[in-house]
Amino acid sequence: MGYRERIVDNQLKEELEAFGAVVIVGPKWCGKTTTAKQLAKSIIYMQDPKKRKTYLQMAELDPSNLLIGKNPRLIDEWQTAPQLWDAVRFDVDQRGEQGLYILTGSTSIDEKKIVHSGVGRIARMRMRTMSLHESGNSTGEVSLRALFSSAGKINGQSELSIEDIAKVIVRGGWPSSAGMSYQIACKQVAGYCEMILESDINTVDGKKRDAQKMRAILRSVSRNISTSASNATILGDVSSSETGGMHINTLDDYLTALRKLYVIENLSAWSPKLRSKTTIRTAETRHMTDPAIAAYFLGANAKDIEFDPETFGLLFESLCIRDLRIYAQSLGGDVYHYRDKEGLEADAIIHLHNGRWCAIEMKLGADDIDVAAKNLKKLRGRVDTEKMNAPSFLAVVTGTEFAYTRDDGVHVIPIGCLKD
């Protein structure tokens, strides 16, 4: 199977034109190495079992030897030898050129092992599993970029049924499963999730962790997906499970390990300038890097989700957040959530680095679109537009069929029509 183009392809090219090196981070199997190989002219695989020991010895003695090769040089799983970071940074300084190195890694590194942050020399780029547009499950008739540029009306027709949406949630967005049958994709998700428990949780930082306790934590986080459930709630779930009690510090350690593995990616709160003194809730919303992980630890297949509307809605929201993060990143923006003490909320706020922003609600079916649109307009009215921009647009992302613009200007966008 040939290379499937990714939205970050252009971003990687631009970063290499601007910086001496680019580090691509993200979960295992999301395609970091494959994407980097499209631009690399030489490659070193630090986890090659035949050469790993030699590479590590060289990294200790003289890491610059591992940098010898045509540029851009790809160093895959560089965090195996943290010394490489400073070696790359030093070489970039000495040569004063751009596009020299691409570093890829599926675990975050302890910053204490790095002498220099690499600011101004090494760019960081986040990569996730595939969005529905990348995997071919979205028609792409509605462009997020176009919505930020124009106030015009939209139209489009999603090809995804409710049954299809349940399946794309459960199968996930890993590139290796694109084009595979639903059953095979689910087996691959299971293999990925079990690897987290059997291997990754202990290799991420060398600490020994209990797989059953980690399973209980992942099950609880999955049960509370797309909510602002506190650590105390997660701890209560784990303590009442068959694994027995757990100290809050132990829970923090396990959750930190999952963040380092890019398994958990919570959504931060947005703090706009408001007309009133309304208190904004700052708790993060819980999300996995891919909703399929949550579905797996809930023990739910596509049919199970269909018959559980509440869980379906929460997993659908997490699916939308994944896609919006991918699309927003290509526009130079970030995704947040909004909720205040009065209960007014928006599932997603996309805030671009140029100051433009939009508010989005996610609703699986059509019945709640009116309420969602009303809430979005209420939020727009609370923002102090004398101190910040008015929203570029308001939208409800749905699991329905047709894309259209309501009479009040709120866009209704099926997730199966959206692209960057």
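In case you missed it, the structure is sitting above this.
Residues numbered from 1 in each chain as written. Predicted model: local features only at pLDDT ≥ 70, side-chain atom pairs only at ≥ 80, totals over all residues. Heavy atoms only, no water.

Q: Can you help me understand the overall build of the chain in this one?
A: Secondary structure assignment for the chain yields 14 helices and 14 strands. In terms of overall size, the chain behaves like a compact globule, its C-alpha atoms giving a radius of gyration of 22 Å where 420 residues would be expected to give roughly 22 Å. If you line up the chain on its principal axes, its C-alpha atoms span 65 × 50 × 50 Å. In the chain, the proportion of contacts linking residues at least 24 apart, taken out of those at least 6 apart, comes to 71%. As displayed, the chain has an accessible area near 18,700 Å², and 47% of this comes from carbon and sulfur atoms. When the 55 basic and 54 acidic side-chain charges of the chain are each reduced to a single mean position, those positions are 3 Å apart. (Helix = DSSP H or I, 4+ residues; strand = E, 2+ residues; numbered from the N terminus. Rg over C-alpha atoms; globule rule 2.2 N^0.38 Å. Contact = heavy atoms within 4.5 Å. Areas by Shrake-Rupley, 256 points an atom, 1.4 Å probe, with all protein chains shown as cover. Lys, Arg positive; Asp, Glu negative; His and termini not counted. Charge placed at Lys NZ, Arg CZ, Asp CG, Glu CD.)

Q: What is the right way to look at the environment of Phe-19 in this model?
A: With respect to the helices and strands, the residue Phe-19 is situated in the loop between helix H1 (8-18) and strand E1 (21-25). Residues Phe-19 and Ala-123 lie 104 residues apart in sequence; the distance between their C-alpha atoms is 6.4 Å. Residues within four places of Phe-19 in sequence aside, it is in contact with Gln-98, Gly-99, Gly-120, Arg-121, Ile-122 and Ala-123.

Q: Help me understand the packing of aromatic side chains, please; the structure alone is not making it clear to me.
A: Given two aromatic rings, one states the distance between the centres and the angle between the planes to describe the pair. Inspection of the entire model under this criterion finds 7 aromatic pairs. When the ring of Trp-174 is compared with that of Tyr-192, the centres are 4.8 Å apart and the planes differ by 50°; the resulting orientation is tilted. With Trp-174 in the loop between helix H6 (162-171) and helix H7 (182-203) and Tyr-192 in helix H7, the pair connects residues that are 18 residues apart, well separated along the chain. Using a relative accessible area of 3% as the deciding quantity, one classes Trp-174 as buried. (Phe/Tyr/Trp six-rings, centres within 6.5 Å; stacked < 30°, edge-to-face > 60°. Buried < 20%, exposed > 50% of the residue type's maximum accessible area, 1.4 Å probe, protein only.)

Q: Mind showing me how you'd approach the nonpolar core here?
A: Across soluble globular proteins, you tend to see nonpolar side chains buried next to one another. Residues Ile-217 and Ile-350 are the most contacted members of the largest nonpolar core, which totals 77 residues. For this core, the element with the most residues is helix H13 (residues 309-330), which contributes 10 residues. With sequence-adjacent residues up to four places away left out, Ile-217 is seen in contact with Ile-234, Val-238, Met-246, Leu-251, Tyr-254, Leu-255 and Leu-258. Within the second largest apolar cluster, 22 residues are counted, among which are Ala-21, Val-25, Tyr-55 and Trp-85. (Core = buried A, V, L, I, M, F, W, Y, C linked by side-chain atoms within 4.5 Å.)

Q: Please explain the pairing of E1 as it appears in this structure.
A: Looking down a regular strand, the side chains alternate between one sheet face and the other. With 5 of 5 residues buried, E1 is to be regarded as a mostly interior element. Residue alternation in E1 divides its side chains into two sets, Ala-21, Val-23 and Val-25 and Val-22 and Ile-24, and both sets are buried. Relative to strand E5 (residues 122-126), E1 is paired through 5 bridges, and the arrangement is parallel. Bridging across to E5, Val-22 finds its partner in Ala-123. The pairing of E1 with strand E4 (residues 101-105) spans 5 bridges and is parallel. Residue Ile-24 lies in a different strand from E4, and its bridge partner there is Thr-104. (Pairing = 2+ DSSP bridges.)

Q: Quick question: what am I supposed to make of the environment of Ala-18 here?
A: Its location among the elements puts Ala-18 in helix H1. Among the residues examined, Ala-18 registers a relative accessible area of 47% and is labelled partly exposed. Taking the C-alpha atoms as reference points, Ala-18 and Ile-122, 104 residues apart in sequence, are found 9.5 Å from one another.

Q: It is not clear to me how H13 should be interpreted in this structure. Could you clarify?
A: Every α-helix winds through 3.6 residues per turn, so residues three or four apart in the chain are directed the same way. Given a rise of 1.5 Å per residue, 22 residues ought to cover 32 Å, and the 32 Å separating the end C-alpha atoms of H13 matches this to within 8%. With 16 of 22 residues buried, H13 is to be regarded as a mostly interior element. Downstream of H13 by one or two residues, Gly-332 has phi in the positive range, about 75°. (Expected span 1.5 Å × (residues − 1).)

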